[in-house]
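Observations on the model geometry
Okay, here's what each chain looks like letter by letter:
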Amino acid sequence: MKINTREYLSKFIESEKAQKDPQFNLDNPEKCDLCGTSFSSQDFLIDGEARDTPQIFLENGQSVGQWAYMCAECFKARGIDIKWGRGQLYEKTTSNEWLLVGGFPPN
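Residues numbered from 1 in each chain as written. Predicted model: local features only at pLDDT ≥ 70, side-chain atom pairs only at ≥ 80, totals over all residues. Heavy atoms only, no water.

1. Description of the confidence of the model for the chain
With 97% of its residues at a pLDDT of at least 70, the chain reaches an overall mean of 89. Ranking the elements of the chain by mean pLDDT puts strand S3 (residues 63-64) last with 74 and strand S6 (residues 98-102) first with 97. (pLDDT = per-residue confidence, 0-100. Helix = DSSP H or I, 4+ residues; strand = E, 2+ residues; numbered from the N terminus.)

2. What about the sheet that holds strand S4 (residues 67-70)?
In space, the four strands of this open sheet follow the order S4-S1-S5-S6, with antiparallel pairing throughout. Two strands lie at the open edges of the sheet, namely S4 and S6, each paired on one side alone. On average, adjacent strands in this sheet sit at an angle of 25 degrees to one another, irrespective of strand direction. Two elements, strand S5 (residues 87-92) and S6, share four bridges in a ladder whose sense is antiparallel. Within S6, the position partnered with Tyr90 by the bridge is Leu100. (Pairing = 2+ DSSP bridges. Axes fitted to C-alpha atoms, helices over the stretch in contact; angles between N-to-C directions.)

3. Structural notes on the pairing of S5
With five of six residues buried, S5 lies mostly within the body of the structure. Here strand S1 (residues 44-49) runs beside S5; their pairing, made up of five bridges, is antiparallel. Its bridge partner being in S5, Phe44 is matched across the sheet by Glu91. Two successive antiparallel strands, S5 and S6, enclose a turn made up of five residues, where Asn96 displays a positive phi of approximately 60 degrees. (Buried < 20%, exposed > 50% of the residue type's maximum accessible area, 1.4 Å probe, protein only.)

4. Re the side chain of Asp47
As for its position among the elements, Asp47 is in strand S1. Among all residues touching Asp47, those that are not within four sequence positions of it are Trp67, Ala68, Tyr69, Gly87, Gln88 and Tyr90. (Contact = heavy atoms within 4.5 Å.)

As structure tokens, this is what we get:
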């Protein structure tokens, strides 16, 4: 059974936090860095770490891969997570802006 995008991403969405402190993606990317899908037809945009990319090792012993603007389908296949330091989830507003709805900075 195929899960729709909103259902899949719903576990990451924090609507109350998004409305309380609205933050927007100011880059306004045009297409998914991984598959080329136009974001004009998408409801969600993920700015996050992509699986299977070269790793950079940090001083604390952790590593991080390359980041990409991803469509929801590419995030399902290659995204790491939606949380601070791994990925931010944005939802398109009625005014065609990208509102941060998941992956907020720590309080």
